[in-house]
Each structure stands twice: as structure tokens, then as C-alpha cells.
Amino acid sequence: MAISRADIDAILATFEASDWRTIHLKADGVEVTLSKDGGPVATPLATPTAPVSPAPAPSPPPASSTVEPDDGSLAVTAPSLGSFYRAPKPGAPPFTQVGARVAAGDDLCLIEVMKLFTSVKAPHAGVVTAILASDGDLVEHGQPLFRIRPDAQGTP
Amino acid sequence: MSRLFVANRGEIACRIIAAAHALGIETVVGVSAADKDSKWARAAGRALVLGPAPARQSYLDGRLLQHAAVASGCTALHPGYGFLSENAAFAQAVADAGLAFCGPTPAQMEAVGDKLAARALARELGVETGQASEALTDPETAALAARALGYPVVTKASAGGGGRGMRIAHAEADLPAALAEARAEAEAAFGDGRIYLEPFVEAARHVEVQAFGLGDGRVITLGTRDCSIQRRYQKLVEEAPAVAVPKAARADMEAAAARLLGAISYRGAGTVEFLWDEARGQYRFLEVNARIQVEHPVTEMIWGIDLVQWQIALAFGRFEPPARLIQRGHAIEVRILAEDEAFRPAPGLISAWTPPAGARVDSGFGAGCRVPPFYDSMVAKLIVAAPTRAIAVARLQAGLADFRVDGIATSIPFLRRITAHDDFITNQLSTRWLEAEVIPAGKDVA
């Protein structure tokens, strides 16, 4: 059994809710190191560059999250190739913008494939720190679209 | 500037990209996440990641391919072989999106794609189709039909080929199981469980005619190929021309192919397949493959042409039939698969790749490339040409001896064994030969 996106999300949530400072997990070719200090953690098994470093998986999840080393934000990627739309229809206000708070499951954008629209939802709650594609852009599967900094839950 | 979308992977994607570039046409290729760093992704002008590795979410998703083609400014699409290449609904959707399709029209695809329909058309045009039943509905009708044809009989799926839906019944007792298995397999593979029966010919050769239709009723035929060396109905060695078949019969098959495809004003590259019954000295029509085929290079080698360039030029309205076409010599192709000696797929990282000098190698892989586990196992085609078959065989043996691949298991050792066999050297072959004479008992587990 490979480690899925949901598993990583669950690990993240557990970690965030805990008062642990670091966590290191290694299973099925995936290594996960989490730290609340904001920097890389020196543990013998850890990959020093990125706090979460999934090994190349044979089948990447539809919208994966990887922690950016700089601000602890997670990238939300395109589930398939398609055209990127920030609003539900032309002229309507965008689903979200930089600095906005989102809850898990909130719509972030639409991906259109031959007039068929699929919404991309926030995988976790947090603040949108970057929008990486422009309205109408042709985006590819796996391309980062948003960065969301997760809420720091459970910290005093 | 003209731009072509390549809706395939592996060696045929590389082949299409090179052919387009040679014609001054730009290329965009749609790839899966697993093929992001592939040779064809790098060779194309632009590579777009369609979706994750599984083909149904990438190479088999017609909507993604169309969207990628239109959004990247392409005006034509080449489907290659396999995947959606013979899917009439996809061809229609591509046309509806305003793109030229490198292949036949959807109506032509439907006319020849269904085997029973193609047989009926062939019969109307006086092409020898041999005996066959109609589509069978129940075991009683099947038993009557099989008795009329005479055992052994073989089941065939009306909706498709590739060996799927094919079962041999040697006696009436075998028939119900053969039918049930064939129907289930055809239903799963094509979503269409219609099955019919044909007499099973023990010692037959698979002979096919390469054709190229101009879409206006004119059809260029480019001789024959012999693809009798098969394992589980999958071709492994192909040669051109089919020198084991008398010239007069080959000429008849070419004329029949031209008549059949001319009658529907067929557009683009297509192959008409026949079964050559050596004992009776008769041929009969099998089916039409409405696309470029894996084995097209052997025809290119003996005619000195580039069929993929022809396909692309035709789609862009630039095709000019050559004033003179001359066939010379003999060519043989072998398919190199990433498989171990028990025919199990062997994906992995290729650490060394040394193809033989002086031979044509069509491949999407090389040293440092990873063969993903999600797709067809073919990693290369080795093609040799020479003035005579004997010299071509010698060159093939030398080429296979020199071809070195490390890191993954390949079928090269198996192909060395095939090509060193006396029956291959003397061309005493049939479609049963490989399984009966070369594959040792107990090894064929896959």
C-alpha cells in the first residue's frame, strides 16, 4: 500500500493538533519530516532540503500538496490538463485571492476541459499566499496553482 | 506556421515528431505524468502533461487530448497506433473541434472497423472472405454453424482484433466454453460481445497489404508484409515483401485491398489483412486496420518512402503522390519488448543501451530512460534491409547479436533464438510456428 494524499493530510492534521515539535516518518518509499520550528530538522533519516518529501510515486495523486520550504505553505496542483478559471463565470468575482482565508473544501478555481468544468477545492484550511496561474491559462496536470499556508492549530 | 498534436507515446510519438519536423511542421505532444521526462516529451516543440500515469486518465482521455490540441494552437492531430487511433467517436470529436485527423474519416473507420461489416463489404466487392458464420446469439445456433463450417473453428470478435475474443474449438464439446470466454473477453475489451465463427486454418500465414488512400477514391498499394511469427496473436517479427506467397496471389491481394479501400474513398494509411492458406494455395480477407501499423517501417525500407510523413502531409493538404515508386530488396523488423524470458513485463531503469550500428532502430527509449509499468512493453523496433532475404536475415542476426540493453530484461535473447532457427532462415513458417516450435513447454506463463 502506497501512502496517499489523504494519509499525508491525516499526518499533517494529527501533527498540527499535537504539541509535538518534530515528526519523522518513513514508509513505502515515502519520507515525511514535519517541524514546527519552520526550518529543516537534523535527524539521521531526514531529507535535509524539504520538510515533506514524498518519493516519486508511480501514480501521483490528483491534487497533491507539498510544503514549500520558505513559508510553510502547501501547493495545490491541477488535477488534469485544462484551462484555469478563477471565477465561476466571466465577470463574476474570483473564488479567492491572495491573503484570503479558505476552509477545507472551499472552491479555489475551475479547470475546464472541452466545456466540462471541474472545481478544485482547498485540501486544508489556511491563508492563500500565492496564485500561480492566470485566468484562462492552459495548465498541465500537476502544475502548482495556489499556495496555501495551513492554519497553525493547536499551538498555544 | 503549421502545428501538429501528437496523441501517443513511445517510439511512434518520436517517429511522428521527427516526420513533422522534417516537413517544417511544429509539434506538441500530450504526455502522462509518468512520461514527463521521456524522449518524445523532449523531442517535441512542446510537451503538455495531460494527467496521471494510467492511460484512461491521459492517453485514452479524448477530451483532454482535444483540449490540449486546441489550446496549444494545433490544427491537426496524429493518433499513432493503439490508444484512440481507431476510435470513430474520437476521430469525430477531433474533426468537430476543427482539427485535421491523420487517418480515415469517422465514417470510414466505422465501415471497416466492425469485422462483420467489413466482411460484408469485401464480399460485395468480390473479395475472397472465406466461410464464416453470422454473429451468434445462442449455443444451439453456434453448434449448427460450427458443424456447417467443420471443426476446428475459431471464435472472432466482431468489434476488434489483437487476439481478443479468439478461442479455438476442436470439437462440439469445446464450443460452449470457447463462446462464453470469447464473448466475455470481447465485451470487456470492446464493450461489444458479438462473436462469429470461422474455420480454423492450422498452417496459415498472416499476409497484409499496406495501402494509402488519397481520400478521393485513389489508393496507392505498397506491396505485402508477412507477419506470421506471432505469440498469442501478437506479431513479433515482420517482413516485406511476403516472399513465401506466390507473386500472382500477392498481386491479387493488392488488387483486392485497392478495390476495398477505393470503394469507400479511404483516406490515409491503412492495412488490409489476409490469411494465406499454404496447403490450399488460397487467401482470404481477415480485416482492415484503419491506422498506421507498428510494422510500417519494413514497407518504408523497401520502397524508400516515409509513410508517417505521407500521413501528415495529407492531413495538411500537402500530399503529392510520388511520380515513381519502385520496390527494392527485402526488409525485416523485430519488436523488442521489455519482457523477461517467461514473457512477464520487465519495466525499470535502462542503464545501458547500445543499438547496433548500421541498422534502423525506432525507439522511444535510451540509456537513463525509465520504462514505466503502465503501458505496452515494446521498447524498440530493429529494422534491417538488404537486397535479398538471406542477406537481411544475416544482418538481423548480426544486429541482434550487437544490441546491448542493461538494467531491464528484454526479448532480445528470445529474438536471437527465433532468428537463428532453421525454419526462420529457410522461411518455413506459419502463425502457429512460434508457439509450436520455439517456445519451450512450461515457459509460457504470462
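In this convention, every chain numbers its residues from 1, walking through the sequence in written order. Working convention: letters from A go to chains and numbers from 1 go to ligands, in the order in which they are written. With the structure being a predicted model, the display of local features is reserved for residues of pLDDT at least 70 and the display and counting of side-chain atom pairs for 80 or more, all residues being used for whole-chain, interface and lining totals. For the side-chain quantities, the full set of heavy atoms in the structure was used; hydrogens and water were omitted.

Engineer: Explain the overall build of chain A to me, and be specific about the residues and the numbers.
Structural biologist: The way it works is that DSSP assigns letters per residue, a run of H or I at least four long becomes a helix, a run of E at least two long becomes a strand, and they are numbered from the N terminus. Helix and strand content of chain A: one helix and 11 strands. Secondary structure of chain A in N-to-C order comes out as α-β-β-β-β-β-β-β-β-β-β-β. Here's how the labels work: a residue is buried when its accessible area is under 20% of the maximum for its type, exposed when over 50%, partly exposed in between, all with a 1.4 Å probe on protein chains only. A total of 156 residues make up chain A; the buried ones form 37% of that total. Residue contacts are counted whenever heavy atoms from the two residues lie within 4.5 Å of one another. Residue pairs at least 24 apart in sequence account for 51% of intrachain contacts in chain A once pairs closer than 6 positions are excluded. Reported accessibility uses the Shrake-Rupley method at a 1.4 Å probe radius. Residues are deemed covered only where the shown protein chains occlude them. Accessible surface, chain A: about 8,200 Å² in total, of which carbon and sulfur atoms supply 59%.

Engineer: Please provide a residue-by-residue account of the pairing of strand β13 (residues 282-289) of chain B, values included.
Structural biologist: Residues and elements named next belong to chain B. Counting buried residues along β13, seven of its eight residues qualify, which places the element largely inside the surrounding structure. In the sheet, strand β12 (residues 267-277) pairs with β13 via seven bridges, with the strands oriented antiparallel. By the bridge assignment, Phe274 is partnered in β13 with Phe285. Between β12 and β13, which pair antiparallel one after the other, the connecting turn spans four residues, and Gly281 there sits at a positive phi close to 65 degrees. DSSP-based pairing: two strands are paired if at least 2 bridges between them are found.

Engineer: Lay out the pattern of salt bridges with the relevant residues and their values.
Structural biologist: Residue and element names in this part refer to chain B. Salt bridges are defined by distance alone: a side-chain nitrogen of Lys or Arg within 4 Å of a carboxyl oxygen of Asp or Glu. Applying the stated criterion across every chain yields a total of 34 salt bridges over all chains. The partner of Arg167 in a salt bridge is Glu181, with the nearest N and O atoms 2.6 Å apart. One end of the pair, Arg167, is in the loop between β6 (153-157) and β7 (168-169); the other, Glu181, is in helix α8 (residues 175-190), and 14 residues separate them in sequence. You can call Arg167 partly exposed: its relative accessible area is 22%. Residue class for Glu181 comes out partly exposed when judged on its relative accessible area of 41%. The partner of Glu278 in a salt bridge is Arg205, and the shortest N-O contact between them spans 3.5 Å. You can see Glu278 sitting in the loop between β12 and β13 and its partner Arg205 sitting in strand β9 (residues 204-214), a full 73 residues away along the chain.

Engineer: Tell me about the sheet that holds strand β8 (residues 195-199) of chain B, and name the residues and values.
Structural biologist: Residue and element names in this part refer to chain B. Strand order across the open sheet formed by three strands is β7-β6-β8, with antiparallel pairing between neighbours. The strands lining the two open edges of the sheet, one partner per strand, are β7 and β8. Two elements, β6 and β7, share two bridges in a ladder whose sense is antiparallel. Note on β7: the bridge partner recorded for Val153 is Ala169. Along the sheet face, helix α7 (residues 139-149) touches β6 and β8 and points at about 20 degrees away from the line of β8. Axis lines are fitted to C-alpha atoms, over the contacting stretch for helices. Their N-to-C directions set the angle, which ranges from 0 to 180 degrees.

Engineer: Pulling in residues and values, what's your account of empty space enclosed by the protein?
Structural biologist: In this approach the atoms are scanned with a rolling probe the size of a water molecule, which exposes any empty space left behind. All names here are of chain B. Cavities and pockets are found on a 1 Å grid laid over the protein atoms alone: a cavity is a set of points where a 1.4 Å probe fits but cannot escape, a pocket is an open set with protein on both sides within 12 Å along at least five of seven lines, and a lining residue has an atom within 4 Å of such a point. Grid points are joined across faces, edges and corners, and a volume is the space filled by probe spheres set on the points. Considering all chains together, one arrives at two cavities of 30 Å³ or more under this definition. Around the second largest cavity, the lining residues are Arg9, Phe365, Val371, Pro372, Tyr375, Asp376, Ser377, Met378 and Val379. Residues that form the lining of the second largest cavity fall into these classes: six nonpolar, one polar and two charged. Here the term charged refers only to Asp, Glu, Lys and Arg, the term nonpolar to Ala, Val, Leu, Ile, Met, Phe, Trp, Tyr, Cys and Pro, and the term polar to all other amino acids, Gly among them.

Engineer: Lay out the packing of aromatic side chains with the relevant residues and their values.
Structural biologist: Pairing of aromatic rings covers Phe, Tyr and the six-membered ring of Trp, with a centre-to-centre limit of 6.5 Å; geometry is then stacked below 30 degrees between planes, edge-to-face above 60, and tilted otherwise. Under the counting rule described, the total for this entry stands at 14 aromatic pairs over all chains. Measuring from ring centre to ring centre gives 6.3 Å for Tyr85 of chain A and Phe117 of chain A, while their planes differ by 50 degrees; the resulting arrangement is tilted. Taken together, the residues span a long stretch of sequence, with Tyr85 of chain A in strand β5 (residues 82-85) and Phe117 of chain A in strand β8 (residues 116-121) at a distance of 32 residues. Judged by relative accessible area, which is 26%, Tyr85 of chain A ranks as partly exposed. Taken together, a centroid distance of 5.0 Å and an interplanar angle of 50 degrees make the contact between Phe212 of chain B and Phe319 of chain B tilted.

Engineer: Could you give an account of the interface of chain A and chain B, naming the residues involved and the relevant values?
Structural biologist: With 16 residues of chain A in contact, the opposing surface of chain B contributes 19 residues. Carbon and sulfur atoms supply 69% of the area that chain A and chain B bury against each other, a total of about 1,400 Å² over both sides. The largest share of the area that chain A buries against chain B comes from Leu81, Met114 and Leu138 of chain A, three residues that together contribute 45% of it. The tally of links from chain A across to chain B stands at zero salt bridges. Only β5 and β7 (107-113) of chain A provide two or more residues apiece to the side of chain A that touches chain B. A class-by-class count of the residues in the side of chain A that touches chain B yields eight nonpolar, five polar and three charged. Accessible area that two parts lose when put together, evaluated with a 1.4 Å probe and summed over both, is termed the buried area.

Engineer: Account for the environment of His421 of chain B, with residues named and values stated.
Structural biologist: Residue and element names in this part refer to chain B. Tracing the chain through its elements places His421 in the loop between α13 (412-420) and α14 (422-425). Here the alpha-carbon distance between His421 and Thr410, two residues 11 residues apart in the chain, equals 19 Å. Sequence-distant contacts of His421, that is, excluding residues within four places in its chain, are made with Trp433, Glu437 and Val438.

Engineer: Describe the packing of helix α4 (residues 88-96) of chain B against helix α5 (residues 106-113) of chain B, listing the residues and the values that go with them.
Structural biologist: All names here are of chain B. One way to put it is that α4 packs onto α5 with a least axis distance of 8 Å and a crossing angle of 175 degrees. By the criterion of interaxial angle, the relationship of α4 to α5 is roughly antiparallel. When α4 is examined against α5, the residues Ala88, Ala91 and Gln92 are found in contact with a partner set consisting of Pro106, Met109 and Glu110. Here the contact of α4 with α5 is composed, by residue class, of four nonpolar, one polar and one charged. Comment on the angle field: the value is read as roughly parallel under 35 degrees, roughly antiparallel over 145, roughly perpendicular from 65 to 115, and oblique elsewhere.

Engineer: Which residues make up helix α10 (residues 296-303) of chain B, and what are the values?
Structural biologist: Residue and element names in this part refer to chain B. Of all eight residues in α10, seven are buried; the element is thus mostly enclosed. Of all the residues in α10, the buried ones are His296, Pro297, Val298, Thr299, Glu300, Ile302 and Trp303. Downstream of α10 by a residue or two, Gly304 has a phi angle that is positive, lying close to 65 degrees.

Engineer: Go over the sheet that holds strand β9 (residues 126-131) of chain A, please, and point to the residues and values.
Structural biologist: Residues and elements named next belong to chain A. The four strands are arranged β4-β11-β9-β6 in an open sheet whose pairing can be described as antiparallel. Either end of the sheet is taken by a strand with one partner, and the two such strands are β4 (74-77) and β6 (101-102). By the bridge criterion, four bridges tie β4 to strand β11 (residues 144-150) in an arrangement that is antiparallel. In the sheet register, Thr77 faces β11, and the bridge partner there is Pro144.

Engineer: Could you give an account of the nonpolar core, with specific residues and numbers?
Structural biologist: Soluble globular proteins tend to pack their nonpolar side chains together in the buried interior. We define the nonpolar core as a collection of buried residues of types Ala, Val, Leu, Ile, Met, Phe, Trp, Tyr and Cys that are connected through side-chain atoms lying within 4.5 Å of one another. Membership of the largest hydrophobic core comes to 83 residues, with the highest contact counts inside it found for Leu4, Trp40, Val237, Ile312, Ile418, Phe424 and Leu434 of chain B. In this structure, Phe424 of chain B is in contact with Ile229, Val237, Glu239, Ile332, Arg389, Val393, Leu396, Ile418, Thr419, Leu429 and Trp433 of chain B, ignoring residues within four places of it in sequence. Residues Val128 of chain A together with Leu48, Trp276 and Tyr283 of chain B belong to the second largest nonpolar core, which totals 62 residues.

Engineer: Give me the pairing of β8 of chain A: which residues, what numbers.
Structural biologist: Residues and elements named next belong to chain A. Across six bridges, the pairing between β7 and β8 is antiparallel. For Cys109, the partnering residue across the bridge sits in β8 and is Val120. Count of turn residues in the β7/β8 antiparallel hairpin: two residues, of which Met114 carries a positive phi of about 45 degrees.

Engineer: Describe in detail the environment of Val76 of chain A, supporting the description with residues and values.
Structural biologist: Residues and elements named next belong to chain A. Tracing the backbone through its elements, the reader meets Val76 in strand β4. In this structure Val76 comes out as buried when scored by relative accessible area, which is 1%. Linking Val76 and Lys89, residues 13 residues apart in sequence, is a C-alpha distance of 21 Å.

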